[in-house]
Amino acid sequence: MSSENLPQSPEQQLRKPRVAVVFGGRSSEHGISVVTAGAVLRSIDRTKYDVLPIGITTDGRWALTADEPDRMAITDRRTPSVEQLADSADGGVVLSVDPANREVVYSEPGSVPKVLGEVDVVFPMLHGPYGEDGTLQGLLELSGIPYVGSGVLASAVGQDKEYMKRVFISFGLPVGPYEVIRPREWEQDRSAARKKIIDFAGEHGWPLFVKPARGGSSMGITKVDDLSGLDDAIAEAQRHDPKILVESLLRGREIECGVLEFEDGPRASVPAEIPPVTAHEFYDFEAKYIDSAAGLVPAPLTPEQTAEVRRLAVEAFDAASCEGLVRADFFLQENGEFVINEINTMPGFTPISMYPRMWQESGVGYPELVDMLIQAALRRPTGLR
């Protein structure tokens, strides 16, 4: 019998739903995940939900942390870490993988494990591999615990830009030119791998963008103007992921659109535009999170363009079998056509993040947005659906 069908005790029926906010993680996006979780913790309605913050350290330990969102902000251009927030340097949190038991247990060396109570839903504020890529979602499926956001398949597809593009192409969505260099190709014959990229540049022109295939927050991306910078760009991308993606420059405007799951299905927000950032080569990590590059919300588009990008965003959401939320990123090319660059199945929720800003402009404020995501997760069963 699945846990969602188990009879509830009177205590369970009376208590508030308990939300475990899980953040941090082993990816290079650890710090921005902590910042995002801080914003969510600050906005969850405590009269409606009990909250349990759980941080995952950079080495993968699940730690109990204080519910102190003010300590989870960028300070002096530095992002915070779970290690700074953990109650103990040794204690660990464990979720049961028994679907009939949603209890969370905390233990420290030399002490008797302590049961922290049941969790009704997880809000996974993890970005990048080991959290946003289907791995955590698989654990929660085994545990029978509902969670915010997409399931295993959509999370994996949304994380791996190669397969994301393959899915979009199969559904007829417009995708820009790209090439993939797999780890084995680079390790066994670098000359052949370089030639593959050079041939791609010969067809589509320089500059190119070299990026981790399974990264996010614009980390590890390099704009390469010619062959001389290629090896350094590959090395930078491989610091984050051994598989790299090479994309051609798409000339046009950067447009983003949020998708949110309502009870009657997914809907798209008003779109936003990321204007050119003069202090940066492109919209990189520092432009996004440190220097707070301002997006235009709503984007100055024609009604027809707005309708088209909203339609494409929902189509991308459905093509990848997404749930909960997605931010879809596009280029509006000089010929007036939209090309989808990528989707993000757990977009940033920092105060300057585009996803909540787009929904604010669409009539859904930040606290309401957080509540809608939690409620959608509570309605959705785990398992095949």
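Summarised in this report is the structure supplied together with it.

1. Considering the overall build of the protein
So, step 1. From N to C terminus, the protein includes 13 helices and 16 strands.
So, step 2. Taking 385 residues into account, the globule formula puts the C-alpha radius of gyration at 21 Å, and the protein, at 21 Å, falls close to it.
So, step 3. Across its three principal directions, the C-alpha atoms of the protein cover 65 × 50 × 45 Å.
So, step 4. Burial analysis of the protein (385 residues in total) assigns 54% to the buried set.
So, step 5. Within the protein, contacts between residues separated by at least 24 positions form 67% of all contacts whose residues are at least 6 apart in sequence.
So, step 6. Of the accessible surface of the protein, which amounts to about 16900 Å², a share of 50% is contributed by carbon and sulfur atoms.
So, step 7. Counting 38 positive and 58 negative side-chain charges, the protein places the averaged centre of each group 1 Å from the other.

2. What about the packing of helix H5 (residues 152-159) against helix H6 (residues 161-170)?
So, step 1. The contact between H5 and H6 brings their axes to 5 Å, and the two run at 105 degrees. Classified by the interaxial angle, the pair formed by H5 and H6 is roughly perpendicular. On H6, the residues that touch Val-157, Gly-158 and Gln-159 of H5 are Lys-161, Tyr-163, Met-164 and Val-167.
So, step 2. Tallied by class, the residues present in the contact of H5 with H6 amount to four nonpolar, two polar and one charged.

3. Overview of the sheet that holds strand E9 (residues 208-212)
So, step 1. Read from one edge to the other, the open sheet built from four strands follows the order E8-E11-E9-E10, with strand pairing classed as antiparallel. Here the strands that pair on one side only, and so sit at the sheet edges, are strand E8 (178-181) and strand E10 (222-224). Across the sheet, the mean angle from the axis of one strand to that of its neighbour is 25 degrees, orientation sign disregarded.
So, step 2. Looking at chain direction, E8 and strand E11 (residues 244-248) are connected through four bridges and run antiparallel.

4. Topic: the pairing of strand E7 (residues 121-124)
A regular strand carries its side chains on alternate faces of the sheet.
So, step 1. Alternating positions in E7 separate into two faces, Val-121 and Phe-123 on one and Val-122 and Pro-124 on the other, with burial throughout.
So, step 2. When strand E1 (residues 18-24) meets E7, the two strands line up parallel, connected through four bridges. When the sheet's bridge partners are listed, Ala-20 is paired in E7 with Val-122.

5. Observations concerning the nonpolar core
So, step 1. Membership of the largest hydrophobic core comes to 35 residues, with the highest contact counts inside it found for Val-21, Phe-23, Ile-44, Phe-123, Met-125, Phe-349 and Ile-374.
So, step 2. Among the secondary structure elements, those contributing two or more residues to this core are E1, helix H2 (30-43), helix H3 (82-85), E7, strand E12 (252-262), helix H12 (354-361) and helix H13 (366-379).
So, step 3. In terms of residue count, H13 provides more of this core than any other element does, seven residues in total.
So, step 4. Contacts of Phe-123, omitting those with residues within four sequence positions, involve Val-19, Ala-20, Val-21, Val-22, Val-40, Val-148, Val-370, Leu-373 and Ile-374.
So, step 5. Core analysis: the next-biggest nonpolar cluster, separate from the first, contains 28 residues, Met-164, Val-167, Cys-257 and Val-309 among them.

6. Focus: the state of the cysteines
So, step 1. Tallying each qualifying case throughout the model produces zero disulfides.
So, step 2. Unpaired in terms of disulfides, Cys-257 finds its nearest cysteine sulfur in Cys-322, a separation of 13 Å.
So, step 3. A residue is classified by how much of its surface remains accessible, and Cys-322, at 8% relative accessible area, is buried.

7. Quick notes on the sheet that holds strand E4 (residues 92-95)
So, step 1. Read across the open sheet, the three strands follow the order E4-E5-E6; overall the sheet is antiparallel. Edge positions in the sheet fall to E4 and strand E6 (114-118), since each has one partner strand and no second. Along the sheet, successive strands turn relative to each other by an average axial angle of 25 degrees, direction set aside.
So, step 2. As paired strands, E4 and strand E5 (residues 103-107) are joined by four bridges and run antiparallel to one another. For Leu-95, the partnering residue across the bridge sits in E5 and is Val-104.

Criteria and cut-off values
- Residues numbered from 1 in each chain as written.
- Predicted model: local features only at pLDDT ≥ 70, side-chain atom pairs only at ≥ 80, totals over all residues.
- Heavy atoms only, no water.
- Helix = DSSP H or I, 4+ residues; strand = E, 2+ residues; numbered from the N terminus.
- Rg over C-alpha atoms; globule rule 2.2 N^0.38 Å.
- Buried < 20%, exposed > 50% of the residue type's maximum accessible area, 1.4 Å probe, protein only.
- Contact = heavy atoms within 4.5 Å.
- Areas by Shrake-Rupley, 256 points an atom, 1.4 Å probe, with all protein chains shown as cover.
- Lys, Arg positive; Asp, Glu negative; His and termini not counted.
- Charge placed at Lys NZ, Arg CZ, Asp CG, Glu CD.
- Axes fitted to C-alpha atoms, helices over the stretch in contact; angles between N-to-C directions.
- Parallel < 35°, antiparallel > 145°, perpendicular 65-115°, else oblique.
- Nonpolar A, V, L, I, M, F, W, Y, C, P; charged D, E, K, R; others polar.
- Pairing = 2+ DSSP bridges.
- Core = buried A, V, L, I, M, F, W, Y, C linked by side-chain atoms within 4.5 Å.
- Disulfide = S-S within 2.5 Å.

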